[in-house]
Amino acid sequence: QIDLKRYLVIKENRTGRRKFDSETLLKVILFGFMEHGYVSTREIEKLCKTDIRFMWLLQEEKAPSHMTIDNFMNHCLTDSIEEIFNEINRYIFEVEAVDLEHIYIDGTKLEANANKYSWVWKKSSLKNRQKTFDKISVLLKEINKMIVYQGIKFDIRNEYAIEYLEQVTEQYVNLVDLHPETIVRGKGHRKSTEQKHYDKLIEYTEKLKKYAEHINTCGDSRNSYSKTDTGATFFRMKRDYIGNDQLLPGYNIQLGLCDEYISVFDVRQYASDMDCFQPLMEKFNETYGKYPTYPVADAGYGSLNNYIYCQENGMEKYMKFTMFKKETEDARYRDNPYRAVNFPINENGNPVCPNGKEFHFLYSRAIKNNKYGRTEELYQCEDCSNCSHKERCCKCEGNRIVRLNEELSSYHQEVLNNLNSTKGALLRMNRSIQAEGAFGTIKWNRDYKRARRKGLKGVIFELSLISCGFNLHKYHLKKIAKLSAA
């Protein structure tokens with residue numbers, strides 16, 4: 001029922017034998033991912049030769065080789081697979097009347113196809129680059145002492161650009177009349193002072209290039225990457241087969257499900273699920289032309305930024321915050337009189353501690369990592385001397401200073417009211433069944449615990465095929481169940 005020919009145009013023109021039919025190849029690939037979860041090209045080739053169902057799909061065609069399937073994936077499907085996924089979803093969602101108002105969100109860390117100990121740390125690169133800057137300053141001071149008689153002096157800076165260091169090297173070679181092609185190397189040869197300076201300039205330039213490459217690869221949103229898969233970031237995984245709590249290279253996989261179907265997916269390089277929520281919702285809006293009314297997620301997604309984002313886009317707040325469980329189940333924590341949020345407010349608008357002392361406003365400061373420019377207010381107790389509650393109060397809030405964010409507290413109360421209602425309890429139950437159940441099926445039933453392809457684009461391609469197979473499998477299971485019931 002779906003015209004997929006417009007997505008199956010092979011870009012390159014090749015001569016040789018007749019090419020395999022694109023639609024037939026796509027059917028074979030999707031059926032493989034539908035039946036077996038993730039399936040390699042060699043496994044598809046084998047199934048085309050041995051499985052009667054794949055033979056029927058081929059319709060008298062000769063079984064394709066694994067290279068034919070691989071070339072078709074790389075040259076035809078890589079750029080269009082997400083559009084094919086959306087087309088499949090449009091048909092299924094229309095036939096099944098899928099509810100797009102409720103979306104159940106969950107994420108997991110997927111190990112990348114990269115070596116375990118291939119990490120590059122952004123902070124280490126920044127630190128070592130600064131050490132190299134200091135060494136360059138020392139070196140340039142030595143060089144300036146040597147060429148002072150020529151009336152030339154190189155600038156000493158706090159930081160050095162690679163281009164500037166290359167210019168210094170070129171000028172220094174001309175000043176001391178050094179010929180790089182004739183310099184001595186190897187054991188038993190004595191190097192001149194000029195050659196030693198030249199070698200150090202070359203060494204430091206190469207180091208700066210290496211550190212610049214590391215920092216640029218990490219970008220602004222990451223602190224690490226893997227040398228053997230530059231798209232992967234090092235995370236802590238729940239399943240640590242190394243057994244020594246090491247960081248492993250991986251990707252943060254996000255799924256949004258509606259009525260048991262994967263409606264949207266995303267692959268991110270962030271360790272925190274909080275940073276993945278808004279991109280996932282933007283992708284949902286781009287695909288379906290609207291935001292879901294009820295986004296339901298666990299405690300990894302509840303933050304001030306995400307609550308404000310939901311408020312601005314007309315979405316209800318059904319994402320747990322970090323302390324939701326304690327707020328709900330631990331009465332001692334919830335009703336603790338020494339928590340700042342439980343302090344009563346007097347007629348002056350200031351909080352009052354259990355000892356009856358007033359907290360005076362100090363200043364407002366920006367909340368860390370808040371892109372909406374929100375602030376929190378800091379208050380200090382007017383007098384804590386001879387206070388019988390001092391030890392418990394200071395232990396709770398620290399240094400007689402409390403932080404209050406009324407906006408966040410109001411959002412927390414709204415989330416508590418939403419999730420503790422009858423509807424909220426049903427939505428939480430459905431999220432645990434649908435979202436976590438989908439990951440259970442994909443990772444454990446279908447054995448997709450590690451990415452096979454490298455790079456962010458390759459992992460997105462894999463997850464697109466897996467999502468297509470998951471939805472097709474779910475659709476036909478429901479279809480069979482309806483026929484059986486009838």
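Here the structure is a predicted model, which is why all the values come from computation and not from measurement.

*Asks:* Now, about the sheet that holds strand S11 (residues 401-404): what can you tell me, with residues and values included?
*Replies:* If you trace the 3 strands from one edge of the open sheet to the other, you get S9-S10-S11, paired in antiparallel fashion. Each edge of the open sheet carries a strand with a single partner, namely strand S9 (359-366) and S11. This sheet shows a mean twist of 30° between the axes of neighbouring strands, independent of strand direction. Sheet topology places S9 next to strand S10 (residues 375-381); 7 bridges connect them, and they run antiparallel. Residue pairing in the sheet places Arg365 in a bridge with Glu376 of S10.

*Asks:* I'd like a rundown of the packing of helix H5 (residues 81-96) against helix H9 (residues 274-288), residues and numbers included.
*Replies:* Close contact between H5 and H9 brings their axes to 11 Å; oriented N to C, the two are set at 65°. The orientation of H5 relative to H9 falls into the category roughly perpendicular. The handedness of the crossing between H5 and H9 comes out as right-handed. Listed contacts from H9 to Glu82, Asn86, Asn89, Arg90 and Phe93 of H5 are Lys283, Thr287 and Tyr288. When grouped by side-chain class, the residues that make up the contact of H5 with H9 number 2 nonpolar, 3 polar and 3 charged.

*Asks:* Which residues make up the pairing of strand S5 (residues 248-258), and what values do they have?
*Replies:* The element S5 is extensively covered by neighbouring structure, given that 11 of its 11 residues are classed as buried. Relative to S5, strand S1 (residues 102-111) runs antiparallel, the two being bridged by 8 bridges. Following the sheet pairing, Glu111 is matched in S5 by Gly250. Sheet topology note: the strand S4 (residues 233-235)/S5 ladder contains 3 bridges and is antiparallel. Looking at S5, one finds that Thr233 is bridged to Gly250.

*Asks:* Account for a nonpolar patch on the surface, with residues named and values stated.
*Replies:* Judged by side-chain polarity, Phe361, Leu362 and Tyr363 come together as a nonpolar surface patch covering roughly 280 Å² of accessible area. What makes Tyr363 partly exposed here is its relative accessible area of 41%.

*Asks:* Could you give me a rundown of unusual backbone geometry, with the residues and numbers involved?
*Replies:* Its identity is not glycine, yet Ala97 carries a phi of approximately 55°, on the positive side. Inspection of the secondary structure puts Ala97 in the loop between H5 and S1. Within the chain, Glu260 stands out as a residue other than glycine whose phi angle is a positive 75°. You can see Glu260 is positioned in the loop between S5 and strand S6 (261-268). Take Glu260: its relative accessible area is 32%, and that puts it in the partly exposed class.

*Asks:* Summarise the side chain of Glu358; cite the residues concerned and give the values.
*Replies:* Structurally, Glu358 is set in the loop between helix H12 (331-334) and S9. Buried and unpaired, Glu358 has Lys357 as its nearest opposite-charge partner, separated by 10 Å. A polar atom in the side chain of Glu358 sits 2.6 Å from the side chain of Asn350. If we skip the residues at most four places from it in the chain, Glu358 touches Asn346, Asn348, Asn350, Pro351, Gln380, Cys381 and Glu382.

Calculation criteria
Residues numbered from 1 in each chain as written. Predicted model: local features only at pLDDT ≥ 70, side-chain atom pairs only at ≥ 80, totals over all residues. Heavy atoms only, no water. Pairing = 2+ DSSP bridges. Helix = DSSP H or I, 4+ residues; strand = E, 2+ residues; numbered from the N terminus. Axes fitted to C-alpha atoms, helices over the stretch in contact; angles between N-to-C directions. Parallel < 35°, antiparallel > 145°, perpendicular 65-115°, else oblique. Left-handed = near helix turned anticlockwise from the far one by under 90°. Contact = heavy atoms within 4.5 Å. Nonpolar A, V, L, I, M, F, W, Y, C, P; charged D, E, K, R; others polar. Buried < 20%, exposed > 50% of the residue type's maximum accessible area, 1.4 Å probe, protein only. Patch = residues over 30% accessible without salt bridge, like charges linked within 9 Å, V, L, I, M, F, W, Y side chains within 5 Å. Areas by Shrake-Rupley, 256 points an atom, 1.4 Å probe, with all protein chains shown as cover. Salt bridge = Lys/Arg side-chain N within 4 Å of Asp/Glu carboxyl O. Lys, Arg positive; Asp, Glu negative; His and termini not counted. Polar contact = N/O pair within 3.5 Å; in protein donor to acceptor, adjacent residues only side chain to side chain.

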